[in-house]
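Descriptive structure summary
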There are 2 protein chains.
Amino acid sequence: MSQQRTGPTDGPDFPDLPEATVARLPEYLRALHHLAEQGHDTVSSEGLAAAAGVNSAKLRKDLSHLGRTGTRGVGYDVSLLIDQIEQVLGLTHRRAVALVGVGNLGHALAGYAGFGSRGFRIVALFDADPGRVGEHINGLVVRHIEDLPEVVEQESISIAVIATPAHAAQHVTDRLVAAGVTSVLNFAPCVLNVPEGVDVRKVDLAIELQILSFHEHRKSALTALPPVQKPGRVGVANRLGGEAVGS
Amino acid sequence: MSQQRTGPTDGPDFPDLPEATVARLPEYLRALHHLAEQGHDTVSSEGLAAAAGVNSAKLRKDLSHLGRTGTRGVGYDVSLLIDQIEQVLGLTHRRAVALVGVGNLGHALAGYAGFGSRGFRIVALFDADPGRVGEHINGLVVRHIEDLPEVVEQESISIAVIATPAHAAQHVTDRLVAAGVTSVLNFAPCVLNVPEGVDVRKVDLAIELQILSFHEHRKSALTALPPVQKPGRVGVANRLGGEAVGS
DNA sequence: GGTTGTGAATCCATTCACAGCC
DNA sequence: GGCTGTGAATGGATTCACAACC
């Protein structure tokens, strides 16, 4: 009755990864590629954890969700682990991505080489401004937003990036969803309402800075006031990077 | 002996906000500004929660950490709440921000108007490429990275944005930290090692897409396979935005 | 009547610590 | 001896549900 978990050799089935784990797998993947380039072919949980900026217990727990991945006493096989993670993340083929809004930020994103090397291909650019339509960017022609349904269909696009002004973002989203897009990465500073089954992730520059601002505020409040010695709070300093800090 | 919590009238003291709450306050703030523009002067937890894309219980719990903020039976005073949140986030004065790396993305960030309106001022641009030094962007001159210490000092910069290639990011970070910067927003796809007391937040475009890719992968695996009826898993559909989705 | 603020209950994530395996 | 995989323990965050208040 249980719907046949695919055989043990058949690549990982679909484990129900915790969301927090999913969010970290890409970072592990990046670190692994880096290690592979440097010629490592195995790595310990300790080593990979350091390279990915997490602690080793968390890393091992995360990887344990993928099934048997390492070998005790040895560590993880780098290229094998890369395959397994790419498998789970659905990165076995390059996914087609549409980008809407070729203003300041959109231009930069369209030119970003990192997408290509990490599993994605920007295959279409859109803008609502007729003055922009027809412009060539990085080998692609900017098309009018009217053409969305057609292009999404033709190119099998399921993921879109929104880099429009905030006031246009919801409208654009509705059209994207209507055209069949089911995942959206939103750079506009606003919340998007989408129907069930559509995923949205948001990146907001100002919000990131405001979170940092909070910590700045707290830090200055603390140092301004008292030199209170909190004993036993010292240990575990973040290991420092390459060169000396003191110039 | 306890170090005098500032008086009750004296604006909010320094509550130890849960990190998850801190991360949401900026979104509430944005929503509140939007409501204020539209002329609302009070809002219920339900209303604000909808505008910020969270549920109302969470919103109330978050705001409760700031002390008494709303009035029962009525709701929250919009402009009062704005003040309170800006207070806690340390946004009472515009913070000076440095941006390092004026390539593709750096250019776009330097031109991003949203910073100005939301509590920040980009006051300095840096690059390592001498060919770029001297260039004018948005009223600022690009300076060589050698000048960091001097400028950071002069302009009281505590926050920096890194938009360099990955291979340069750690080195740049070390110099920023040495110059006195204590918060970093990192757009380079790599982990940064920093000493205790320095905060780093990271934004990685490809990682965001990879997380979406996972969900795409899962969705297609589910629809490809079985029409398994999971009873009682339906409810709570995401409310749909303005116009109809069906074109 | 309406809405906030909050204990209690639940859920999820992280960390600990060690048994099991190479 | 070294390292992974994992139960058990802890710690946070979310949700529930209602008393307190306007």
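Nothing here was measured: the structure is a model prediction, and the numbers come from that model.

**A short note on the protein's contact with DNA strand D**
Around DNA strand D lies a shell of 23 residues, among which Ser45 and Gly70 of chain A together with Arg24, Asn55 and Arg72 of chain B are the nearest. Here, DNA strand D places atoms within 4 Å of the protein, and 65% of those atoms are sugar or phosphate. In the environment of DNA strand D, a phosphate oxygen lies 2.4 Å from a nitrogen or oxygen atom belonging to the side chain of Asn55 of chain B. Arg72 of chain B has a polar side-chain atom sitting 2.9 Å from a base nitrogen of DNA strand D. Looking at the surface near DNA strand D, the elements with two or more residues in it are helix H3 (56–64), strand E2 (70–71) and strand E3 (75–77) of chain A together with helix H1 (19–37) and helix H3 (56–64) of chain B.

**Some details on the interface of chain A and chain B**
Contact residues are listed per partner, giving 83 residues for chain A and 85 residues for chain B. When the two sides are added together, the surface that chain A and chain B hide from each other amounts to roughly 7400 Å², 63% of it contributed by carbon and sulfur. Applying the counting rule to chain A against chain B returns 8 salt bridges. For Lys219 of chain B, the salt bridge is made with Asp199 of chain A, and the minimal N-O distance between the two is 3.0 Å. If you look at where chain A meets chain B, you find 32 residue pairs in polar contact (both at pLDDT 80 or more). The leading source of residues in the side of chain A that touches chain B is helix H9 (residues 205–224) of chain A, at 16 residues.

**Examining the packing of helix H7 (residues 148–155) of chain A against helix H8 (residues 166–179) of chain A**
Residue and element names in this part refer to chain A. It is the contact of H7 with H8, at a shortest axis distance of 9 Å, that shows an interaxial angle of 45°. The angle between the axes of H7 and H8 places the two elements in the oblique class. Note on packing geometry: the crossing formed by H7 with H8 is right-handed. Along its contact with H7, which presents Leu148, Pro149 and Val152, the element H8 presents Arg175, Leu176 and Ala179. Of the residues contributing to the contact of H7 with H8, the split by class is 5 nonpolar, no polar and 1 charged.

**Side note on the UniProt feature "DNA-binding region" (unreviewed entry) in chain A**
The positions that UniProt labels "DNA-binding region" (unreviewed entry) are, in the present scheme, residues 27–66 of chain A. The span residues 27–66 of chain A is 70% helical and 5% strand by assignment, and the distance between its end C-alpha atoms comes to 15 Å.

**What to know about the packing of helix H2 (residues 45–52) of chain B against H3 of chain B**
All names here are of chain B. Between H2 and H3, the shortest axis-to-axis distance is 8 Å and the interhelical angle comes to 105°. Taken together, the axes of H2 and H3 are roughly perpendicular relative to one another. Of H3, the residues touching H2 (which contributes Ser45, Glu46, Leu48 and Ala49) are Ser56, Leu59 and Arg60. Of the residues belonging to the contact of H2 with H3, the class tally is 3 nonpolar, 2 polar and 2 charged.

**Things to note about the side chain of His215 of chain B**
The topology assignment puts His215 of chain B in helix H9 (residues 205–224). Look at His215 of chain B and you get buried, because its relative accessible area is 9%. Within the local environment of His215 of chain B, its side chain forms a polar contact with the side chain of Glu19 of chain A, the two groups lying 3.2 Å apart. If near-sequence neighbours (up to four positions away) are discounted, His215 of chain B is found in contact with Glu19 and Asp199 of chain A.

What counts, and where the lines are drawn
- Residues numbered from 1 in each chain as written.
- Chains lettered and ligands numbered in written order.
- Predicted model: local features only at pLDDT ≥ 70, side-chain atom pairs only at ≥ 80, totals over all residues.
- Heavy atoms only, no water.
- Near = heavy atom within 4 Å.
- Polar contact = N/O pair within 3.5 Å; in protein donor to acceptor, adjacent residues only side chain to side chain.
- Helix = DSSP H or I, 4+ residues; strand = E, 2+ residues; numbered from the N terminus.
- Contact = heavy atoms within 4.5 Å.
- Buried area = accessible area lost by both parts, 1.4 Å probe.
- Salt bridge = Lys/Arg side-chain N within 4 Å of Asp/Glu carboxyl O.
- Axes fitted to C-alpha atoms, helices over the stretch in contact; angles between N-to-C directions.
- Parallel < 35°, antiparallel > 145°, perpendicular 65-115°, else oblique.
- Left-handed = near helix turned anticlockwise from the far one by under 90°.
- Nonpolar A, V, L, I, M, F, W, Y, C, P; charged D, E, K, R; others polar.
- UniProt positions renumbered as here; feature names shortened; annotations may be inferred.
- Buried < 20%, exposed > 50% of the residue type's maximum accessible area, 1.4 Å probe, protein only.

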